[in-house]
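# Structure assessment
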Amino acid sequence: MADYFKLNSDYYEVPGHFTFKDVYLSKYVRKDTLERPELYQIKSDDIFVVSFPKSGTTWVLELTQLIINKGDPTYSESVNHFDRIPFMEFEPENYPKRNGLTAMQNIESPRLLKSHLPIHVFPPQALQMGCKIILVARNPKDTVASYYNFYQALPPLFGDYKGDFSNYLKLFVNGKVVFGDWFDFTLGWWKYVEEKNALFLKYEDMKRDPRDATVKISEYLNCNLSDEVIDEITERCSFARMKTKFQGVEERAFMRKGAIGDWKHYFTVAENEAFDEVYNEKMKDSGLSFDWE
Ligand code: PPS
């Protein structure tokens, strides 16, 4: 069944994209920075939200920022999300304002940082220093459906992808989407989470009980907040509220549907069966499971 997702010779590769230590990356990530992780100048009180793209990162970042600020929304409401939360490895040449490496040197500690790097290319000193790491994961079927829409919402980032979903699913299963293989990413970080003091959040759990996610993040960061503040933060980060905040291009790219099970509108029955087979094989010894609807 693995053959089901075999890439044809005409598979889509974006000019400038490259593979670094088995991770397929976009030209907006710089190999020379990844090779010299000391450049990130990590501090021990840095807080990372780490995820495979389209897993609920933005949601968790917004919750975390409000939690760090004890529920005070002034900063979150007055500064654009992308200007206040550096995306560490994102270094677009044509958009210096959003250069993560520079931006992270210009914000106050404790710094809240976003990363999509798999663990084996993540700056090792952050792990050694015991930085707080919040992992966000989402079932891969919804992740790929969301990522497919993201490729279309931001064509310049992805070389104007014009393929259909079936082709995109093949790229995803073969680790040829930006940030590489979902299975490697998830299993790599999951092993770390099991052994170390990191927080692991699942998108589907957050959807079912968003308040519980706020509580878990606050506890993990040792922020003692009243029930009232917890409620307020949770509400401020509801999908409806965040969608309004991200109006425009960013809304389509980052706040699309916000649902569990949207993958059913994209996968054919055959694709679903083949994907399940790949999934069951790769995840079988992990002890990790996801909800699909
Ligand atoms: S990115 O580009 O990797 O940072 O994207 P990311 O933020 O990880 O994922 C985007 C998806 O998360 C959904 N989302 C939410 N769902 C529920 N509640 C809230 N508050 C919320 N905020 C973002 C967003 O809609 C994307 O999923 P899809 O399925 O595309 O709607």
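So, here's what we can say about the structure. Per chain, the residues get numbers from 1 upward, laid out in the order the sequence is written. Under the rules for a predicted model, residues below a pLDDT of 70 receive no local features and side-chain atom pairs below 80 are neither given nor counted, while totals for whole chains, interfaces and linings still include all residues. Based on all heavy atoms of the structure, the side-chain values leave hydrogens and waters out of the count.

## Some words on the pairing of strand β5 (residues 132-137)
Worth spelling out the cut-off: Whether a residue is buried, partly exposed or exposed follows from its accessible area with a 1.4 Å probe, protein chains only, as a fraction of its type maximum: under 20%, in between, or over 50%, in that order. By the criteria applied, helices consist of DSSP H or I runs no shorter than four residues and strands consist of E runs no shorter than two, each listed in order from the N terminus. Note on pairing: two strands pair once DSSP finds at least 2 bridges between them.
Most of β5 is tucked away: five of the six residues are buried. Pairing analysis gives five bridges linking strand β3 (residues 47-51) to β5, with the strands arranged parallel. Bridge assignment links I47 to a residue of β5, and that residue is K132. Where β5 and strand β6 (residues 199-202) come together, four bridges link them in parallel fashion. Across the sheet, I134 pairs through a bridge with L199, a residue of β6.

## Side note on unusual backbone geometry
Here the amide bond leading from S109 into P110 is cis, since omega sits at -5°, within 30 degrees of zero. Following the sequence through the fold, P110 ends up in the loop between α5 (100-105) and β4 (112-115). One non-glycine residue, Q41, lies in positive phi territory at about 45°.

## Structural notes on the nonpolar core
Put simply, the rule is: Here, nonpolar core means buried Ala, Val, Leu, Ile, Met, Phe, Trp, Tyr and Cys residues that are tied together by side-chain atoms lying within 4.5 Å of each other. Any two residues whose heavy atoms approach within 4.5 Å are treated as being in contact.
Membership of the largest hydrophobic core comes to 99 residues, with the highest contact counts inside it found for F48 and Y147. Apart from the residues within four sequence positions on either side, F48 is in contact with I42, M88, L113, F122, A126, C131, K132, I133 and I134.

## Observations concerning the site of the ligand
Threshold: For this description, a residue counts as near a given molecule or strand if any of its non-hydrogen atoms is within 4 Å of it. Any N or O atom pair separated by 3.5 Å or less is treated as a polar contact, with the protein-specific requirement of one donor-capable and one acceptor-capable atom, and with residues adjacent in sequence counted only for side-chain atom pairs. Calculation of accessible area relied on Shrake-Rupley with a 1.4 Å probe; when residues are assessed, cover is drawn exclusively from the protein chains displayed. Here the term charged refers only to Asp, Glu, Lys and Arg, the term nonpolar to Ala, Val, Leu, Ile, Met, Phe, Trp, Tyr, Cys and Pro, and the term polar to all other amino acids, Gly among them.
Around the ligand, the structure places 23 residues, and the nearest of them are T57, T58, S146, K257 and G258. The side chain of T57 places a nitrogen or oxygen atom 2.3 Å from an oxygen atom of the ligand. F239 is positioned with one of its backbone polar atoms (N or O) 3.5 Å from a nitrogen atom of the ligand. Contact with the protein chains covers 99% of the free accessible surface of the ligand, which is 630 Å². Looking at the shell around the ligand, the elements with two or more residues in it are α2 (57-68), α7 (140-153), α10 (203-208) and α13 (239-245). Among the elements that make up the shell around the ligand, the one with the highest residue count is α2 (three residues). The residue makeup of the shell around the ligand, split by class, is nine nonpolar, eight polar and six charged.

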